[in-house]
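The residues making up each chain are set out below.
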Amino acid sequence: MSGRTLYGHLIALLTVSIWGTTFVFTKILLDDSTPVEILFYRFLIGYCALFLLYPRTHKTKGLKEELLFFGLGLSGVSLYFLLENTALQFTLAANVGLLSGTVPILTAIVSHFFTTDERFSRKLVWGFLVAFAGTAMVIFNAQVILNLNPLGDFLALMAPLAWAFYSILLKKVDHCYNPIFVTRKTFFYGLLTVIPIMIFQDANFMPEKMVSLQFGLNIGFLGLIASALCFVTWNRAVEIIGTIKASNYIYLVPLISMVTSILVLNEKVTNLSVAGGFLILTGVYISEHGFKAEWLHKLVVKKTDDLSKQSQ
């Protein structure tokens, strides 16, 4: 593995480690803010930070490329985070984090049909099936044991679909642009597309709670670290190691979100949720490495020996 490739994997890991905690911060903010308000404040802070860091602008190459940036803002900012924030109103933060593990599955499916350089392989299919089984366990657990509203699960699944399209569109951006400029322009269109929703919902553009220390710290983390910093590092990781390999790191988000939800929010996570999370994590290993023939052979031999001893 080259130094550049290793760098791509490391920044992808750093990014998803931070993103895994954002469900908790958003859940806290939902106590006195609406999903669309959190989205607007978060990315307004992120946009301003990126503008101060890199105020230079670049002329795009026509309407087609401008529409590409519009699509990035719509799919990766307004749609994804509005769906995610709204889902957190109806279900546990840990549950939303677990269901975000479907991002690699959906990204690979979308990539297969909309790109020519990233196709399904046998190990990817098996990995996706295992991860999907884990996702199904989480949803089943939420409905039967925790008795949660199914709307939250549905929205939590639609958010990764929006992110999958964002990841595909991101690959089409010309690499000659500074990554901070690309992120800033994405945030701009994300804010532009969310303003009509705020007006329709009669949201408060200048809330008094902005002066609250708790609100300021939480929204500051989401805007400066989880948005401004992490979008830049994520875009860079996708550029270096590709959409599917970068997206596979999102399988780690469920584990991180589950742990932080338990520690910070005291959420109850059942054994079935833990088992589902384990399967989701197993899926990323299979997607990367496949099934080892030697491992399978040893497993079959052991099971055969055990059955033979029981029959004697």
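Residues numbered from 1 in each chain as written. Predicted model: local features only at pLDDT ≥ 70, side-chain atom pairs only at ≥ 80, totals over all residues. Heavy atoms only, no water.

Draft legend 1. Representation of the overall build of the protein within the structure. Of the regular secondary structure elements, the protein holds 14 helices and zero strands. From first element to last, N terminus to C terminus, the protein shows the α and β order α-α-α-α-α-α-α-α-α-α-α-α-α-α. Counting the 312 residues in the protein, one finds 51% classified as buried. Taking contacts inside the protein between residues at least 6 apart in sequence as the whole, the part at least 24 apart equals 90%. Total accessible area on the protein stands at roughly 15100 Å², and carbon and sulfur atoms take up 69% of it. (Helix = DSSP H or I, 4+ residues; strand = E, 2+ residues; numbered from the N terminus. Buried < 20%, exposed > 50% of the residue type's maximum accessible area, 1.4 Å probe, protein only. Contact = heavy atoms within 4.5 Å. Areas by Shrake-Rupley, 256 points an atom, 1.4 Å probe, with all protein chains shown as cover.)

Draft legend 2. Layout of a nonpolar patch on the surface. The grouping of L63, L67, F70, L74 and L79 at the surface amounts to a nonpolar patch, some 450 Å² of accessible area in total. One can find L74 in helix 4 (residues 63-87). We classify L74 as partly exposed; its relative accessible area is 31%. (Patch = residues over 30% accessible without salt bridge, like charges linked within 9 Å, V, L, I, M, F, W, Y side chains within 5 Å. Salt bridge = Lys/Arg side-chain N within 4 Å of Asp/Glu carboxyl O.)

Draft legend 3. Highlighting helix 10 (residues 213-241). Between its first and last C-alpha atoms helix 10 spans 39 Å; for 29 residues at 1.5 Å apiece the expected length is 42 Å, and the two agree. Taking the largest bend as the criterion, helix 10 deviates by roughly 40°, centred on C230. Downstream of helix 10 by one or two residues, G242 has phi in the positive range, about 95°. (Expected span 1.5 Å × (residues − 1). Bend = angle between axes of the 7 residues up to and from the residue.)

Draft legend 4. Up close: the packing of helix 4 against helix 8 (residues 150-171). Running from N to C, helix 4 and helix 8 cross one another at 160°; their axes reach a closest spacing of 8 Å. In terms of axis orientation, helix 4 runs roughly antiparallel to helix 8. For the pair helix 4 and helix 8, the crossing hand works out as left-handed. Contacts from L68, G71, L72, S75, G76, L79, Y80, L83, E84, T86 and A87 of helix 4 reach helix 8 at G152, L155, A156, M158, A159, P160, A162, W163, F165, Y166, L169 and L170. (Axes fitted to C-alpha atoms, helices over the stretch in contact; angles between N-to-C directions. Parallel < 35°, antiparallel > 145°, perpendicular 65-115°, else oblique. Left-handed = near helix turned anticlockwise from the far one by under 90°.)

Draft legend 5. Here's a closer look at the confidence of the model for the protein. Looking at the protein, the pLDDT average stands at 79 and 81% of residues meet or exceed 70. Note that residues 293-297 has pLDDT below 50 and, in this model, one contact with residues that lie over four places away or in other chains. (pLDDT = per-residue confidence, 0-100.)

Draft legend 6. Region of interest: helix 3 (residues 35-53). Taking 1.5 Å of rise per residue, 19 residues should cover 27 Å, and helix 3 covers 27 Å from first to last C-alpha, within 8% of that figure. Looking only at helix 3, the buried set comprises P35, V36, E37, I38, L39, F40, Y41, R42, F43, G46 and L50. Buried residues in helix 3 make contact with helix 2 (22-29), helix 4, helix 9 (179-200) and helix 10.

Draft legend 7. Representation of the packing of aromatic side chains in the model. On inspection of all chains with the given rule, the structure shows 24 aromatic pairs. Taken together, a centroid distance of 4.9 Å and an interplanar angle of 85° make the contact between F43 and F187 edge-to-face. Of this pair, F43 sits in helix 3 while F187 sits in helix 9, placing them 144 residues apart in sequence. Considered together, F43 and F187 belong to a single accessibility category, that of buried residues. Between F81 and F231 the ring centres are 6.2 Å apart and the planes differ by 40°, which places this aromatic pair in the tilted class. With F81 in helix 4 and F231 in helix 10, this pair connects stretches of sequence that are 150 residues apart. Note on accessibility: F81 and F231 belong to one class, buried. Over the aromatic face of F69 sits the side chain of K185, whose NZ or CZ is 5.7 Å from the ring centroid. (Phe/Tyr/Trp six-rings, centres within 6.5 Å; stacked < 30°, edge-to-face > 60°. Lys NZ or Arg CZ within 6 Å of the ring centre and 35° of its normal.)

Draft legend 8. Main features of the nonpolar core. Ranked by internal contacts, the top residues of the largest apolar core, which has 64 residues, are F43, F69, W163, F231 and W234. When contributions to this core are tallied by element, the ones reaching two or more residues are helix 1 (3-19), helix 2, helix 3, helix 4, helix 5 (93-99), helix 8, helix 9 and helix 10. Here this core gets 13 residues from one element, more than from any other, and that element is helix 10. Look past the residues within four positions of F69 in its chain and what remains in contact with it is T60, V173, Y177, F181, V182, K185, T186 and Y189. (Core = buried A, V, L, I, M, F, W, Y, C linked by side-chain atoms within 4.5 Å.)

Draft legend 9. Up close: the side chain of K185. On the secondary structure map, K185 appears in helix 9. Given the relative accessible area of 16%, K185 is considered buried. Not counting chain neighbours up to four residues away, the residues in contact with K185 comprise T60, E66 and F69.

Draft legend 10. Seen up close, the side chain of T233. Summarising the element assignment, T233 is placed in helix 10. Those residues within four positions of T233 in sequence are excluded, and the remaining contacts are I11 and T15.

Draft legend 11. Region of the structure containing the environment of A87. Relative to the helices and strands, A87 is located in helix 4. As a C-alpha pair, A87 and L157 span 70 residues in sequence and 9.1 Å in three-dimensional space. When neighbours within four sequence positions are excluded, A87 is seen to be in contact with V96, G152, L155 and A156.

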